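Per-entry structural report
Residue-level listing of the chains:
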Amino acid sequence: MPALFQGSAVALVTPFVNGKVDTAAIERLVERQLTAGTAAIVACGTTGEPTTMNAEERELVVRTVLKAVNGRVPVVAGTGTNCTQNVIDTAKRYEGIGCAAQLVVTPYYNKTSPEGLYRHFMAIAENTSLPIVIYNVPSRTAMDIGPETLDRLADTGRFIALKESSYNVPFVMEKIRVLRGRMSVYSGNDDMVVPMMALGAQGVISVVANVLPEAMAQMANGYLSGNHAAALESQLSLMPLIRALFAEVNPIPCKAAMEMMGLCSGEVRLPLIPIGEENRKKLREALEDAGVSLR
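Structural notes, computed from the coordinates. (Residues numbered from 1 in each chain as written. Predicted model: local features only at pLDDT ≥ 70, side-chain atom pairs only at ≥ 80, totals over all residues. Heavy atoms only, no water.)

Next up on the list: the environment of cysteine 264. With respect to the helices, strands and loops of the structure, cysteine 264 is situated in the loop between helix H11 (252-260) and helix H12 (277-289). Looking at cysteine 264, the relative accessible area reads 8%, which means it is buried. Measuring from C-alpha to C-alpha, the distance between cysteine 264 and isoleucine 242 comes to 20 Å, with 22 residues separating the pair along the chain. Setting aside residues no more than four positions away along its own chain, cysteine 264 makes contact with Pro15, Ala25, Leu29, Met258 and Glu259. (Helix = DSSP H or I, 4+ residues; strand = E, 2+ residues; numbered from the N terminus. Buried < 20%, exposed > 50% of the residue type's maximum accessible area, 1.4 Å probe, protein only. Contact = heavy atoms within 4.5 Å.)

Spelled out as structure tokens, the structure:
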């Protein structure tokens, strides 16, 4: 199956100003990403705080991104939540408006069994038309979709990719072995891009790309072009900044960094709160050490 994209995709933040979605900032951020070589844009992925927005706000974000992208790269709309019917209802809003795929995170809190995971994803596949990217992020959901479930889902042809954010490398390798190329695999961890690409991943769906889109694109594209040593050096050099950007719950530090850079407001919605002062200081230092121009 052809990859949805190769290289670096951004899990775009949703900028807010005074409690409202800042569509003008979204347009600026999209243009910055495309100029930097970002290969795809994820709107309303978990980094975009979709659980804090109502359905109309989420649709506004997706439509704003689509309009700004204007067909230049694939746009993936986040639809995932822990209620299967809500995923279906959300995905239906985005059908026929230009999205290339939907990103569906594994259910969280109520969780389920492997059979429940299979039925959850199959219900979405059977009742929606957008291709599905499965998002596995055990640290946030306490769920880890296994190779057997992925094997069953891959046979349907409705699931085009796996965004994998597990640090259990042997388990991830087993998933890749079982999939046998029937789904593309993308790293969901910015600190694991090169290791994941060494295992066959086509690139990354990145939080750090909000801050350093050129660096993430160059690292992923460099690996794809065979310049593995340079890609590894980039990965290692980015590690201090990556740690600073995940010192608190994502996207709190990422939005703080973007505010320091003058890109958009750092505003987040409850239950998230602004970054703590100590971590803000460390983040600023990490950005300066990375050569980022700050206000």
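Listed as buried for helix H3 (residues 84-93) are Val87, Ile88, Thr90 and Ala91. Angularly, the buried residues of H3 cover 165 degrees about the axis, an arc narrow enough to put them on a single face. Contacts made by the buried residues of H3 are with helix H2 (55-69), strand E5 (75-78), strand E6 (101-105) and helix H4 (114-127). (Arc of directions from axis to C-beta.)

Further remarks concern the packing of aromatic side chains. Tallied over the full model, the rule gives 2 aromatic pairs. Considering the side-chain rings of phenylalanine 5 and tyrosine 186, the 4.1 Å spacing of their centres and the 10 degrees angle between planes classify their relative orientation as stacked. With phenylalanine 5 in the segment before strand E1 (7-11) and tyrosine 186 in strand E9 (residues 184-187), the pair connects residues that are 181 residues apart, well separated along the chain. According to the relative accessible area criterion, tyrosine 186 is buried, its value standing at 1%. With a centroid separation of 6.1 Å and an interplanar angle of 80 degrees, the aromatic rings of phenylalanine 121 and phenylalanine 159 are classed as edge-to-face. You can see phenylalanine 121 sitting in helix H4 and its partner phenylalanine 159 sitting in strand E8 (residues 159-164), a full 38 residues away along the chain. Taking the relative accessible area as the measure of exposure, phenylalanine 159 reaches 0% and is therefore buried. A cation over a ring is seen here: arginine 269 above phenylalanine 16, with NZ or CZ 4.3 Å from the ring centre. (Phe/Tyr/Trp six-rings, centres within 6.5 Å; stacked < 30°, edge-to-face > 60°. Lys NZ or Arg CZ within 6 Å of the ring centre and 35° of its normal.)

In this model, asparagine 250 is joined to proline 251 through a cis peptide bond whose omega is 10 degrees. One can find proline 251 in the loop between helix H10 (228-245) and H11. The omega torsion of the bond from leucine 270 to proline 271 falls at 15 degrees, within 30 degrees of zero and hence cis. Mapped onto the elements, proline 271 comes out in the loop between H11 and H12. With phi around 60 degrees, cysteine 44 is a residue other than glycine that occupies positive phi space. Using a relative accessible area of 3% as the deciding quantity, one classes cysteine 44 as buried.

Our focus in this paragraph is the pairing of E8. For a regular strand, side chains alternate in direction, first toward one face of the sheet and then toward the other. Across the 6 residues that make up E8, a large majority, 6, are buried. The pairing of strand E7 (residues 132-136) with E8 spans 5 bridges and is classified as parallel. Looking at E8, one finds that isoleucine 134 is bridged to leucine 162. In this sheet, E9 lies alongside E8 in parallel orientation, the contact comprising 4 bridges. Counterpart to alanine 161 in the pairing with E9 is serine 184. (Pairing = 2+ DSSP bridges.)

What follows is about the nonpolar core. With 86 residues, the main nonpolar core has Val65, Ile134 and Leu283 as its most contacted residues. For valine 65, the contacting residues outside a window of four places in its chain are Leu12, Ile26, Val30, Ile41, Ala43 and Val75. Among the nonpolar cores identified, the runner-up in size contains 17 residues, and Ala9, Ala101, Val105 and Ile205 belong to it. (Core = buried A, V, L, I, M, F, W, Y, C linked by side-chain atoms within 4.5 Å.)

Quick look at a negative patch on the surface now. A contiguous patch of negative charge on the surface is contributed by Glu278, Glu285, Glu288 and Asp289. In this structure, glutamate 278 sits in helix H12. (Patch = residues over 30% accessible without salt bridge, like charges linked within 9 Å, V, L, I, M, F, W, Y side chains within 5 Å. Areas by Shrake-Rupley, 256 points an atom, 1.4 Å probe, with all protein chains shown as cover. Salt bridge = Lys/Arg side-chain N within 4 Å of Asp/Glu carboxyl O. Lys, Arg positive; Asp, Glu negative; His and termini not counted. Charge placed at Lys NZ, Arg CZ, Asp CG, Glu CD.)

Another aspect to go through is the state of the cysteines. Going through the model one piece at a time under the given rule, you end up with 0 disulfides. Summary of cysteine pairing: cysteine 254 is not part of a disulfide, and the nearest cysteine sulfur, belonging to cysteine 264, is at 8.0 Å. Residue cysteine 254 is classed as buried on the basis of its relative accessible area, which comes to 0%. (Disulfide = S-S within 2.5 Å.)

Moving on, we get to the packing of helix H6 (residues 147-154) against helix H7 (residues 169-179). Packed helix pairs are specified by the crossing angle of their axes together with the interaxial distance, meaning the distance between the axes. Running from N to C, H6 and H7 point in directions that differ by 25 degrees, and their axes come no closer than 9 Å. Compared by their axis directions, H6 and H7 come out roughly parallel. As for the relative orientation of H6 and H7, their crossing is right-handed in sense. In this structure, H6 contributes Pro147, Leu150, Asp151 and Ala154 to the contact, and H7 contributes Phe171, Glu174, Lys175, Val178 and Leu179. For the contact of H6 with H7, a count of residues per class yields 6 nonpolar, no polar and 3 charged. (Axes fitted to C-alpha atoms, helices over the stretch in contact; angles between N-to-C directions. Parallel < 35°, antiparallel > 145°, perpendicular 65-115°, else oblique. Left-handed = near helix turned anticlockwise from the far one by under 90°. Nonpolar A, V, L, I, M, F, W, Y, C, P; charged D, E, K, R; others polar.)

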